[in-house]
Amino acid sequence: MKPYETIRCPRCDGHGQVSKWSFGVHEPEECPDCGGSGHNVRYESGTIAQYPGGPLLGKERVKR
């Protein structure tokens, strides 16, 4: 079993781009959470990273 799984980036919904407000218009920009790939990595502990061994983005909330 792999120690992680690939998930869709929640910030850009898997598209790899987000909208940025600039000079009165929305412009596309590369998603800073997934680096434009549209995917993140979730480890068994619930920690989310940009890619395996990459920068950590946070931890998934546990639903109670």
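The sections below set out a description of the structure shown in this document. None of the values given here were measured: they were computed from a predicted structure. (Residues numbered from 1 in each chain as written. Predicted model: local features only at pLDDT ≥ 70, side-chain atom pairs only at ≥ 80, totals over all residues. Heavy atoms only, no water.)

1. Let's talk about the packing of aromatic side chains
The geometry of an aromatic ring pair comes down to the distance between the two centres and the angle between the two planes. The final tally for this structure, using the stated rule, is 1 aromatic pair. Relative to Tyr43, the ring of Tyr4 lies with its centre 6.2 Å away and its plane at 70°, an arrangement referred to as edge-to-face. Placement of Tyr4 in strand E1 (residues 4-8) and of Tyr43 in strand E4 (residues 39-43) is noted, with a sequence separation of 39 residues between them. (Phe/Tyr/Trp six-rings, centres within 6.5 Å; stacked < 30°, edge-to-face > 60°. Helix = DSSP H or I, 4+ residues; strand = E, 2+ residues; numbered from the N terminus.)

2. So, the side chain of Asn40
When you line up the elements, Asn40 lands in strand E4. At 3.2 Å, the side chain of Asn40 and the backbone oxygen of Asp33 are in polar contact. With sequence-adjacent residues up to four places away left out, Asn40 is seen in contact with Glu5, Thr6, Ile7, Cys9, Pro10, Asp33, Cys34, Ile48, Ala49, Gln50 and Leu57. (Polar contact = N/O pair within 3.5 Å; in protein donor to acceptor, adjacent residues only side chain to side chain. Contact = heavy atoms within 4.5 Å.)

3. So, the nonpolar core
Ranked by size, the top nonpolar core spans 5 residues in total: Cys9, Cys12, Val18, Cys31 and Cys34. Each residue touching Cys9, except ones within four places of it in the same chain, is listed here: Gly14, Cys31, Asp33, Cys34, Gly38, His39 and Asn40. (Core = buried A, V, L, I, M, F, W, Y, C linked by side-chain atoms within 4.5 Å. Buried < 20%, exposed > 50% of the residue type's maximum accessible area, 1.4 Å probe, protein only.)

4. Things to note about the pairing of strand E6 (residues 56-59)
Here strand E5 (residues 47-49) pairs with E6 via 3 bridges, running antiparallel. Within E6, the residue paired with Thr47 across the bridge is Lys59. Hairpin connection, E5 to E6: the antiparallel pair is bridged by 6 residues, and Gly53 has positive phi, about 80°. (Pairing = 2+ DSSP bridges.)

5. Describing unusual backbone geometry
In this model, Asp13 sits at a positive phi of 60°, which is unusual for a non-glycine residue. Following the sequence through the fold, Asp13 ends up in the loop between E1 and strand E2 (17-22). Accessibility expressed as a relative area gives 43% for Asp13, which makes it partly exposed. For Phe23, which is not a glycine, the phi torsion comes out positive at approximately 55°. If you trace the backbone, Phe23 turns up in the loop between E2 and strand E3 (25-30). Of the residues examined, Phe23 reaches a relative accessible area of 85% and is grouped as exposed.

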